[in-house]
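What follows is each chain in one-letter form.
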Amino acid sequence: MTVIEKWTGRHAHALRTALRLTNEAFAERLGVSPRTVTKWSERPEMVPSEHLQGLLDTSLNEASPDARVRFTATLGLDQRRIPLDDSVVVQLHTALGDLARALARLETEGPERSAAH
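Calculation rules
- Residues numbered from 1 in each chain as written.
- Predicted model: local features only at pLDDT ≥ 70, side-chain atom pairs only at ≥ 80, totals over all residues.
- Heavy atoms only, no water.
- Helix = DSSP H or I, 4+ residues; strand = E, 2+ residues; numbered from the N terminus.
- Buried < 20%, exposed > 50% of the residue type's maximum accessible area, 1.4 Å probe, protein only.
- Salt bridge = Lys/Arg side-chain N within 4 Å of Asp/Glu carboxyl O.
- Expected span 1.5 Å × (residues − 1).
- Arc of directions from axis to C-beta.
- Contact = heavy atoms within 4.5 Å.
- Axes fitted to C-alpha atoms, helices over the stretch in contact; angles between N-to-C directions.
- Parallel < 35°, antiparallel > 145°, perpendicular 65-115°, else oblique.
- Nonpolar A, V, L, I, M, F, W, Y, C, P; charged D, E, K, R; others polar.
- pLDDT = per-residue confidence, 0-100.

## A closer look at the environment of Glu50
Part 1: Assignment of secondary structure puts Glu50 in helix α4 (residues 50-62).
Part 2: With a relative accessible area of 70%, Glu50 lands in the exposed category.
Part 3: For the pair Glu50 and Trp7, spaced 43 residues apart in the sequence, the C-alpha separation amounts to 9.2 Å.

Structure below.
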């Protein structure tokens, strides 16, 4: 999950774009004036108030997975870090073991004999 430590106008604009909302629709979603949303795109360095920071956090948390991917891509954030649960780790370990055994068999038997098995 993407966490923004300190929202700026740049982040807020990226979220609005990722949600595919107009300034007016985004303002309504957050309960702010459309002018506030316009300021974020005009002044990407500005830091919204703590109250607005919380509203933006909530809006990001409620965004669809596709919108979150668009948001992180727009900001150039790395979204490839995926937490792995134990079952995935076991599956990867098993697959790597199978691959290692297949490679060892190729080394000892050669490609002709391995293909026959």
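## So, the pattern of salt bridges
Part 1: Within the structure shown, the criterion is met by three salt bridges.
Part 2: Residues Asp98 and Arg101 are paired through a salt bridge, measuring 2.4 Å at the closest nitrogen-oxygen approach. Of this pair, Asp98 and Arg101 both sit in helix α6 (residues 86-116), three residues apart, which is roughly one turn of that helix.

## Describing α4
Part 1: For α4, which comprises 13 residues, the first-to-last C-alpha distance of 19 Å matches the rise-based estimate of 18 Å (1.5 Å per residue) to within 8%.
Part 2: Those residues of α4 lying buried are Leu52, Gln53, Leu56, Ser59 and Leu60. Around the axis of α4, the buried residues are gathered within 125 degrees of arc, so they sit on the same side. In this structure, α4 carries Glu50, His51 and Glu62 as exposed residues pointing more than 90 degrees from its buried face.
Part 3: Tucked inside the fold, the buried residues of α4 contact α1 (9-19), α2 (23-30), α3 (34-42) and α5 (65-75).

## Examining the packing of α1 against α2
Part 1: Close contact between α1 and α2 brings their axes to 10 Å; oriented N to C, the two are set at 105 degrees. Judged by the angle between their axes, α1 and α2 are roughly perpendicular. Counted together, Ala12, Leu15, Arg16 and Leu19 of α1 and Asn23, Phe26 and Arg29 of α2 form the full contact between these two elements.
Part 2: For the contact of α1 with α2, a count of residues per class yields four nonpolar, one polar and two charged.

## Re the confidence of the model for the protein
In low-pLDDT segments, the atomic positions of the prediction should not be examined closely.
Part 1: Scored by pLDDT, the protein comes out at a mean of 86, with 84% of its residues at no less than 70.
Part 2: Mean pLDDT across the elements of the protein bottoms out in α6 (77) and peaks in α2 (97).

## Re the packing of α2 against α4
Part 1: Contact pair α2 / α4: the axes reach a minimum separation of 10 Å and the direction vectors enclose 105 degrees. If you check the angle between α2 and α4, you find them roughly perpendicular. Residue-level contacts link Phe26, Arg29 and Leu30 of α2 to Leu55, Leu56, Ser59 and Glu62 of α4.
Part 2: When grouped by side-chain class, the residues that make up the contact of α2 with α4 number four nonpolar, one polar and two charged.

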